[in-house]
Amino acid sequence: MPIRIKDSMPVAQKLESENIFIIPENKAIHQDIRPLQIAVVNIMPVKQTTELQLLRLLSNSPLQTDVTFIRLVTHTYKNISYGYLESNYTTFENIRNKHFDGLIITGAPVENLEYEKVDYWNELVEIMEWSKTNVTSTLHICWAAQAGLYYHYKIPKYTLPQKLSGIYPHRILRKSAKLIRGFDDIFYAPHSRYTGIKTEDIKKAAKLEILAESDEAGAYIIFTRKGKQIFINGHPEYDTLTLDSEYHRDINRNLNPEIPKNYYPQNNPENPPVANWRCHSNLLFANWLNYFVYQITPYDIEKCGSNTEL
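Per-chain numbering applies: the sequence of each chain, read as written, is numbered from 1 onward. Two thresholds apply to this predicted model, a pLDDT of at least 70 for residue-level local features and 80 or more for giving and counting side-chain atom pairs, whereas whole-chain, interface and lining totals are computed over all residues. Hydrogens and water are ignored here; the side-chain numbers use all heavy atoms of the structure.

1. Things to note about helix α10 (residues 278-294)
For clarity, the cut-off: Where helices and strands are cited, they refer to DSSP runs of H or I of at least four residues and of E of at least two residues respectively, numbered from the N terminus. One less than the residue count of a helix, multiplied by 1.5 Å, gives the span that helix is expected to have. Relative accessible area decides the class of each residue, using a 1.4 Å probe on protein chains only: under 20% of the type maximum gives buried, over 50% gives exposed, and in between gives partly exposed.
Over its 17 residues, α10 runs 22 Å from end to end, which matches the ideal 24 Å to within 8%, given 1.5 Å per residue. Among the residues making up α10, those that are buried are His 280, Ser 281, Leu 284, Phe 285, Ala 286, Asn 287, Trp 288, Leu 289, Tyr 291, Phe 292 and Val 293.

2. Regarding helix α6 (residues 121-134)
End to end, α6 covers 19 Å across 14 residues, agreeing with the expected 20 Å (1.5 Å per residue, within 8%). Those residues of α6 lying buried are Trp 121, Glu 123, Leu 124, Val 125, Ile 127, Met 128, Trp 130, Ser 131 and Asn 134.

3. Things to note about empty space enclosed by the protein
Definition in use: Only protein atoms enter the 1 Å grid used here. Points where a 1.4 Å probe fits but cannot escape make up a cavity, open sets with protein on both sides within 12 Å along at least five of seven lines make up a pocket, and a residue lines them when an atom lies within 4 Å of a point. Grid points are joined across faces, edges and corners, and a volume is the space filled by probe spheres set on the points. The nonpolar class holds Ala, Val, Leu, Ile, Met, Phe, Trp, Tyr, Cys and Pro. Asp, Glu, Lys and Arg form the charged class, and all remaining residues, Gly among them, are polar.
Tallied over the entire structure, the rule returns one cavity of 30 Å³ or more. If you add up the space inside the largest cavity, you get close to 30 Å³. Around the largest cavity sit Phe 183, Phe 187, Tyr 188, Ala 189, Tyr 220, Ile 221, Trp 277, His 280, Ser 281 and Leu 284, which together line it. Among the residues forming the lining of the largest cavity, the class breakdown is eight nonpolar, two polar and no charged.

4. Brief notes about the packing of aromatic side chains
Note the threshold: Think of it this way: a Phe, Tyr or Trp ring, Trp meaning its six-membered ring, pairs with another when their centres are within 6.5 Å, and the plane angle makes it stacked under 30 degrees, edge-to-face over 60, tilted otherwise.
One pass over the structure, following the stated rule, counts 16 aromatic pairs. Taking the centre distance of 6.2 Å and the plane angle of 85° together, the rings of Tyr 120 and Trp 143 count as edge-to-face. Within this pair, whereas Tyr 120 is found in the loop between β5 (100-105) and α6, its partner Trp 143 is found in helix α7 (residues 143-153), the two being separated by 23 residues in sequence. According to the relative accessible area criterion, Tyr 120 is buried, its value standing at 2%.

5. Thoughts on the pairing of strand β7 (residues 158-172)
Counted only if it meets this: Here, a strand pair is defined by DSSP locating no fewer than two bridges between the strands.
Bridge analysis of β7 against strand β8 (residues 186-196) gives ten bridges, and the strand direction is antiparallel. Within the sheet, the bridge partner assigned to Leu 164 lies in β8 and is Arg 193. Looking at chain direction, β7 and strand β9 (residues 208-214) are connected through two bridges and run antiparallel. Along β9, the bridge assignment pairs Arg 171 with Glu 213.

In C-alpha cells:
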C-alpha cells in the first residue's frame, strides 16, 4: 500500500529505505481514486519511533492510505518539539467535523494513573465519543485499549503485582474471525504495562468478544462483533529493540526492572533479541484495514461512521 504522509516528516526517508512505498503529496492528489483516510492519535512518548512503527504496519495493503497524525492540546509534550508537532500533526478541533475510515489510538505511559487524573482524559473522551459517529473502525492499542474498554463499557483496569514485560504466546479462541484470519494457532506478541483487565469483566459486556488470549498476559484481542471498536491489549507495533530500550531506560531510572520475558536468547540481555511477532502484527493490521475498514467503509467519506453500533 502506498502511504501518503506530509513530505516534511523525517520518517519518510527511513520508510523509503525499507522499500515501503511512500507517495508524495503532489503525486497522490492526481490519482483518480479515493484513498483510505486513517487518523492516528499518537500519545506514545517517542513520537517518531511510534510513527515509523505504525506506518510500517499500515503499508501492507494494495490501497493508498492518507495518514493524519493528531496531537492532544491538553497535554504538554516533553520529548518532541512544538515546531515538529505544529508542522506534522493537527488538532482534534481541526478535524472534528471530518470523517475517517479508520482511527488508531496508541498506548501511553500513564497506566498507574486513574483515567480521570490523566491530564488529557477529557480530550481523549471527546475523541472516543466522536469516533462513534465519524469513524468506520477504531483500533485501540495497549493503554488506549484499556481506556477505551473503560469509557465504552465501564471495564476497570487493575494494577499488576509487577510490570508485565516481554513476548508472550497467545492462542486463538475463534479461528473463523476475520480479524485473525491467517493467524497460527499459537502466536507471539509484545507486552509492556503495569495494569491489566480481567477476562470475566470483558465477558459481562454482551457486545464484546475475546479473539485471542494468553495464560500469562490475559485477554489480548477484544472487539465488537462488527469491528466498530477493536482493542489490542498489547504492543503489536513494537520493533525488535523497543523492549530492550525500555528495559535499559528503567535500569537508568533505578527501577530495578525484571528482564523482559521470552525476549533475550538464554534470558541474557547481552544477547541481541530476535523478533518473533512481526508476521502476526503485520497480518493483524492488514486484516483490520481489509475487513473492517476497506470492505465496510462507504465510498462517500461523509458517511464514514454512520454505522454507530458498537
